[in-house]
Amino acid sequence: MNLVQDIADAHPELIGWRRTLHAMPETGFEEFRTADFVDAKLKEFGIETKRGMATTGVVGTLSAGSSGKTIALRSELDAINLQEANDFAHRSTVDGKMHGCGHDGHMTMLLAAARHLARTRDFDGTVHFIFQPAEEVGNGGLRMIEDGLFEAIRPEAVYGMHNFPGIPVGQFATRPGDFMASLDAFDITIEGVGGHGAYPSKARTPILPACAIVSALNEHVASQIPSEETMSLSVAQLNAGSAINVIPASANIKGTVRSLGEAAQLEMEAAVERIAKGICGAYGVDCTVSYQRTYPRLVNAARETASAIDAAAAVVGADNVDSNGKPMMASEDFAWMLREKPGNYIAIGNGIGDKGGTFVHHPKYDFNDDILPIGASYWVSLVRRLL
Ligand SMILES: [Zn+2]
Ligand SMILES: [Zn+2]
């Protein structure tokens, strides 16, 4: 392992920052104390900051040398709405909220890299450190873009990193092209005619067409989505009725469609409405369909991904970087930034087994402090390579 020495030496201090952040989780657009913490650290390192984009966003800017080259590195500020089940000393002090996705660790790694780069200034160009709110819920990255992020700073490329339980400590994974799925949400309301349970022929139940729609949507994925593309459709809600002897007047179906590949997404976007309306027509009931694209696919650019792979390999060795990482069906707000700028998103191993192996969003998850110097060294390695 080829860690940056002063970052490795500061490991106990970094653990302190990370645990301080872990104990004070704040969720989307309310990360005020968290943003204050990040802002104070950046200023202490001699880095200028800009605040307020998407309410709680913080952007630090550090220049050295004379070149006009500019890149941006991004971390998240937010925690999730989940009751922590850990009982260690640094557990959440806020009921119902926890850093269950490791963004406490992401902030710490980016701050550690920022401090090292500010001390040494051994690069030629400008690095922006983006700390965005509301990654989990609320599209905070998109909100920062809408608030003028890429007019205020003009990076040639943007880079993100996320810890992944299940990948061993000291390993990275990424890939060029589609790395994480798009996320779309559908909402179908079927309007039938309610009535007495004893006289179904006098009513028009919305329940039979609702069941047919649920089946047809799933069959459509199996039969009509190109096999080289990947899609997962989940009906997550099916609501109708409130009594055993009353035929309800309406039914509602809600769910999500996640896709890797443009063709699959386009096909399903059209099919949800066509299937719902077609089946409702056959049953003689009305329906309204809404289909919303909420997160785009996360697409890594080829050149920037090659740089990220080299930067990670310089820290952990080429054998420990999977350059053809498995695409994931989860979605990620960083995809919005990658639609505006070329860049890369890389997974850093959070470990396997008891320590670090609990998956993110689990009430017993905790970021693995062992990887703090590895991720921070990766950021430094990337900046040295690019600037
Ligand atoms: Zn998460
Ligand atoms: Zn996350």
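Residues numbered from 1 in each chain as written. Chains lettered and ligands numbered in written order. Predicted model: local features only at pLDDT ≥ 70, side-chain atom pairs only at ≥ 80, totals over all residues. Heavy atoms only, no water.

An unreviewed UniProt entry lists the chain under the name M20 aminoacylase family protein, from Microbaculum marinum.

**Topic: the overall build of the chain**
When you go through the chain residue by residue, the secondary structure sums to eleven helices and 16 strands. Principal axes of the C-alpha set define a box for the chain whose edges measure 80 × 45 × 40 Å. Put simply, the chain has 387 residues, and 56% of those count as buried. Carbon and sulfur atoms provide 50% of the accessible area of the chain, an area that totals close to 15,900 Å². Each charge class in the chain was averaged separately, 33 positive and 47 negative side chains, and the resulting centres sit 1 Å apart. (Helix = DSSP H or I, 4+ residues; strand = E, 2+ residues; numbered from the N terminus. Buried < 20%, exposed > 50% of the residue type's maximum accessible area, 1.4 Å probe, protein only. Areas by Shrake-Rupley, 256 points an atom, 1.4 Å probe, with all protein chains shown as cover. Lys, Arg positive; Asp, Glu negative; His and termini not counted. Charge placed at Lys NZ, Arg CZ, Asp CG, Glu CD.)

**Quick word on the UniProt feature "domain: Peptidase M20 dimerisation" (unreviewed entry) in the chain**
Under the local residue numbering, the UniProt record ascribes the feature "domain: Peptidase M20 dimerisation" (unreviewed entry) to residues 185-277. Between the end C-alpha atoms of residues 185-277 the distance is 17 Å, and the span holds 37% helix and 35% strand. (UniProt positions renumbered as here; feature names shortened; annotations may be inferred.)

**Side note on the domain arrangement of the chain**
Assigned domains within the chain: domain 1 (5-178 + 297-386) and domain 2 (182-295). Here the C-alpha centre of domain 2 lies 38 Å away from the C-alpha centre of domain 1. Interface of domain 1 and domain 2: buried area, both sides summed, is about 1,000 Å²; carbon and sulfur atoms make up 56% of it. The largest share of the area that domain 1 buries against domain 2 comes from R297, M329 and S331, three residues that together contribute 63% of it. Put simply, domain 1 and domain 2 have one salt bridge between them. The closest approach of N and O atoms between E262 and R297, which form a salt bridge, is 3.0 Å. Split by residue class, the side of domain 1 that touches domain 2 holds six nonpolar, three polar and six charged. (Domains from an automatic or database assignment. Buried area = accessible area lost by both parts, 1.4 Å probe. Salt bridge = Lys/Arg side-chain N within 4 Å of Asp/Glu carboxyl O. Nonpolar A, V, L, I, M, F, W, Y, C, P; charged D, E, K, R; others polar.)

**Observations concerning the layout of surface pockets**
Approximately 480 Å³ is the volume attributed to the largest pocket. What lines the largest pocket is a set of 20 residues, and nearest its centre among them are E136, R258, A330, S331 and H361. Elements with a contribution of two residues or more to the lining of the largest pocket: β5 (157-165) and β13 (286-295). No other element matches β5, which puts three residues into the lining of the largest pocket. Looking at side-chain class alone, the lining of the largest pocket contains eleven nonpolar, five polar and four charged residues. Taken as a whole, the second largest pocket encloses approximately 220 Å³ of empty space. Lining the second largest pocket are 18 residues, with D354, K355, G356, D366 and F367 sitting closest to its centre. (1 Å grid on protein atoms, 1.4 Å probe; cavity = no way out; pocket = protein on both sides within 12 Å on 5 of 7 lines; lining within 4 Å. Points joined across faces, edges and corners; volume = space filled by probe spheres on them.)

**Some thoughts on the coordination of the zinc ion (ligand 2)**
All of the protein donors around the zinc ion (ligand 2) are C101 (SG), H103 (NE2) and H162 (NE2); their distances to the metal are 2.1 to 2.3 Å. Here the zinc ion (ligand 2) and the zinc ion (ligand 1) are spaced 3.2 Å apart, and both take C101 as a donor. (Donors = N, O, S within 2.8 Å, 3.2 Å for Na, K, Ca; no water.)

**Thoughts on the packing of helix α4 (residues 103-120) against helix α11 (residues 372-386)**
Where α4 contacts α11, the two axes come as close as 8 Å, and the packing angle between them is 50°. The pairing of α4 with α11 is recorded here as oblique in orientation. In the packing of α4 onto α11, the handedness of the crossing is right-handed. Between α4 and α11, the contacting residues are G105, T108, M109, L110, A112, A113, H116 and L117 on the first element and L372, G375, A376, W379, V380, V383 and R384 on the second. (Axes fitted to C-alpha atoms, helices over the stretch in contact; angles between N-to-C directions. Parallel < 35°, antiparallel > 145°, perpendicular 65-115°, else oblique. Left-handed = near helix turned anticlockwise from the far one by under 90°. Contact = heavy atoms within 4.5 Å.)

**With respect to the nonpolar core**
Judged by nonpolar contacts, the single largest core of 60 residues is most densely connected at L73, F129, F131, F172, Y378 and W379. Here Y378 is in contact with M161, F172, A308, A311, A312, V315, N344 and I346, once residues within four sequence places are set aside. A72, F164, F179 and Y345 belong to the second-largest nonpolar core, a separate cluster that totals 30 residues. (Core = buried A, V, L, I, M, F, W, Y, C linked by side-chain atoms within 4.5 Å.)

**A word on the sheet that holds strand β8 (residues 182-191)**
Taken in spatial order, the four strands of this open sheet run β10-β12-β8-β13, and their pairing is antiparallel. Here the strands that pair on one side only, and so sit at the sheet edges, are β10 (230-240) and β13. Across the sheet, the mean angle from the axis of one strand to that of its neighbour is 15°, orientation sign disregarded. Strand direction decides the pairing type here: β10 and strand β12 (residues 250-260), joined by ten bridges, are antiparallel. Within the sheet, the bridge partner assigned to Q237 lies in β12 and is K254. (Pairing = 2+ DSSP bridges.)

**Notes on the UniProt feature "binding site: Mn(2+)" (unreviewed entry) in the chain**
Within the UniProt annotation, "binding site: Mn(2+)" (unreviewed entry) is assigned to C101, H103, E136, H162 and H361. A stretch of 261 residues holds the annotated residues, and the largest C-alpha distance among them is 13.2 Å, short enough that they meet in one place. Of the annotated residues named above, the ones that line the largest pocket are C101, E136, H162 and H361. Checked against the element boundaries, E136 lands in the loop between β4 (125-132) and α5 (140-146). Residue position: H162 is located in strand β5.

**Observations regarding the coordination of the zinc ion (ligand 1)**
Surrounding the zinc ion (ligand 1) are the protein donor atoms C101 (SG), E136 (OE), E136 (OE) and H361 (NE2), at 2.0 to 2.6 Å. In this structure, the zinc ion (ligand 1) is coordinated by four donor atoms arranged in irregular fashion, with angles at the metal of 54 to 148°. Here the donor residues of the zinc ion (ligand 1) are spaced in sequence according to C-x34-E-x224-H. Look at C101 and you get buried, because its relative accessible area is 7%. Take H361: its relative accessible area is 40%, and that puts it in the partly exposed class. (Tetrahedral: all angles 85-135°; square planar, octahedral: opposite > 155°, others 65-115°.)

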